Amino acid sequence: MIPRRFFHIKRVPKFHGSTLHSVKPSTSAAALPTHELLSKLGVVTYPRAGLVHWSKTGLLIQHKLSAIIRSRMDEVGFEELSLSLLSHRKLWEQTGRWGGTEIFKLVGDDCLLVPTAEEEITAYVKKHVESYKQLPVLMYQVNPKFRNEKRPRGGLLRGKEFLMKDAYSFDVDEGAAMSTYESVVGAYHRIFGDLRIPYVKAQADSGDIGGSLSHEWHYINETGEDTVFKCGECGHASNVEKTLSYPQEVDESAEISVRYFITTDKTTLICAYYPSNRTLEPKFIQNEVPDLDLNETDQDAILKEFETEDLSKRVVRVMDARLNSRSNFPDFPIGFINRSLITTLTDVPIVLAQEGEICAQCEDGEITATNAIEVGHTFYLGDKYSKPLNFTTQVPKPDGSMEQQNVMMGCYGIGISRIIAAIAEISKDDKGLNWPRSIAPWEVTVVEVKPDEERSTEVCKLLDDGQIDYRLDDRDERMGKRVADSNTMGIPLVVIMGKRYPVVEVEVRGKKYGDSWKQAYEEHKEQLDWHVEYDDAGNDVKHIVHKDGLATVVNSLLNDM
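My aim in this report is to walk through the structure given alongside it, one point at a time. This structure is a prediction, so every number in the text was calculated from the model and none was measured.

### Thoughts on the sheet that holds strand 5 (residues 104-105)
Strands pair in a sheet through their backbones, by hydrogen bonds, and they do so in one of two ways: parallel or antiparallel.
Stage number 1. Strand order across the open sheet formed by 3 strands is 4-6-5, with antiparallel pairing between neighbours. The open sheet has two free edges, formed respectively by strand 4 (86-88) and strand 5, since each of these has just one partner strand.
Stage number 2. Where strand 5 and strand 6 (residues 111-113) come together, 2 bridges link them in antiparallel fashion. Looking at strand 6, one finds that Lys 105 is bridged to Leu 112.

Given below as structure tokens:
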């Protein structure tokens, strides 16, 4: 016999709304910086710059977001684990990352606090894989990471500690790895779709993590520190480090600068010419000259390699697309000119893009620039980490013989604390926060005009039976303040038990992403004695119903939020 479930009333957290009184009445919640509003609401507190304490309310949001991510990663075959938050220097020395400037190293020890886990997960999987038949291996974890951020700011957006989902894939070859990459991209689309907030997937530079392919996942917002360009014609999106563009027209009067590069074998001098008022991006030149040495930047040392004529050495002149043959180019830097040794590349975009220029992907549409908050990143790593850590496996060749190959990897991150901060920033309005239902700390706040334990228990039981996530606010505060606190916290709905009980009121706070509730209303309005009040803009702001229909009404509204 299954024991009967014990029912207990869920109440608002202990410090709910406890510091809102410090906000001046003349100051709207929207006027407060979001990180300050989150602190005033008690979602998080900041004991020191870059550090964070999570309250019960913050944990409720955190757990809902993590559950969405876990569900979608599980769907594409990933398995959760939890690695140590400490990592020994040996692995990091093998990959060349021990000298990183933002690493927290333990004093008197050879360990660091992990900022990411490529080294540890590679070593972990390597110990367990004995045959290529065990691949792919797909694993993820949800836990804190640490970064020695010199200028922490924006609360959860840039701190010394942050909560992250990091996932890693290990495949037998590049084809299989790219298939895994695409499956994770699909999972990310579903994760961000679940969160209801519009997002952008943008082609990105791999940065310090490395690898040959990566995409950033952004929320568009004017407070964001990143810049995303999007084409109005083909829809291609990329961050500023990956956006190639052409000018609307060439400015022949523009002053021209030149920067010199050399190939890794020191046989070719690259002269990059670009408008002086633009920012050169060396990685764009590398698209044309793959063996460009980006580590050698000393201009005098580069030119010294070409002081004397040597028929084994060549010159490549790269002209930015904003220049033409009539532009006023600087003098050639070396003493000999043998035209047979010189190759000239023209119409090549090698500077950072600007809004209004022509998209290099379709060569038709104009690009627009928007500020954005990065909340996720997916990387195809190849053998960036498996090679230095000697993670190989025997793979059969077409002729039946075996060949030792590096395992191909991908890594996939989502900043859980950053998403919470970003959605708070994007969704807040003049009343305060306005969470989508999927990650609201709870879905319904229950408020009584006068305390009545029997009625409170009855209503909370009805909501609980309807699988609705509620909290009773029975604090010793005016009803108006309790409703206002719920609205400022961004709880989607408030249920009010007033003088007309068993008739109750449901006040709407949350944003609706659909109107399916109207169909439910037409089907049940007479049976449930369901009435709706609208504001001047035609928005439903209050639903009045008998308590027996409360769960039906609330669920109908929540389904659109």
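### As for helix 4 (residues 118-128)
Stage number 1. Those residues of helix 4 that sit buried are Glu 118, Glu 119, Ile 121, Thr 122, Ala 123 and Val 125.
Stage number 2. On its buried face, helix 4 sits against helix 3 (89-95), strand 7 (137-146), strand 8 (161-171), strand 19 (367-382) and strand 22 (408-415).

### Digging into the packing of helix 11 (residues 517-528) against helix 12 (residues 550-558)
Stage number 1. At their nearest, the axes of helix 11 and helix 12 sit 10 Å apart, and the two run at 170° to each other. Taken together, helix 11 and helix 12 sit at an angle that is classed as roughly antiparallel. Residue-level inspection shows Trp 517, Ala 520, His 524 and Leu 528 of helix 11 in contact with helix 12, the latter providing Thr 552, Val 553, Ser 556 and Leu 557.
Stage number 2. For the contact of helix 11 with helix 12, the per-class residue count stands at 5 nonpolar, 3 polar and no charged.

### What about the nonpolar core?
Stage number 1. Judged by nonpolar contacts, the single largest core of 56 residues is most densely connected at Phe 78, Tyr 188, Leu 195, Tyr 219, Ile 419 and Trp 435.
Stage number 2. The leading source of residues in this core is helix 5 (residues 174-194), at 8 residues.
Stage number 3. When we break this core down by domain, the ones giving at least three residues each are domain 1 (20-28 + 434-560) and domain 2 (51-226 + 374-422).
Stage number 4. Residues within four places of Leu 195 in sequence aside, it is in contact with Leu 65, Ile 68, Tyr 219, Ile 419, Ile 423, Pro 436, Ser 438 and Ile 439.
Stage number 5. Grouped together as the second largest cluster of nonpolar side chains are 31 residues, Phe 7, Val 459, Leu 493 and Trp 530 included.

Parameters and conventions
- Residues numbered from 1 in each chain as written.
- Predicted model: local features only at pLDDT ≥ 70, side-chain atom pairs only at ≥ 80, totals over all residues.
- Heavy atoms only, no water.
- Pairing = 2+ DSSP bridges.
- Helix = DSSP H or I, 4+ residues; strand = E, 2+ residues; numbered from the N terminus.
- Buried < 20%, exposed > 50% of the residue type's maximum accessible area, 1.4 Å probe, protein only.
- Contact = heavy atoms within 4.5 Å.
- Axes fitted to C-alpha atoms, helices over the stretch in contact; angles between N-to-C directions.
- Parallel < 35°, antiparallel > 145°, perpendicular 65-115°, else oblique.
- Nonpolar A, V, L, I, M, F, W, Y, C, P; charged D, E, K, R; others polar.
- Core = buried A, V, L, I, M, F, W, Y, C linked by side-chain atoms within 4.5 Å.
- Domains from an automatic or database assignment.

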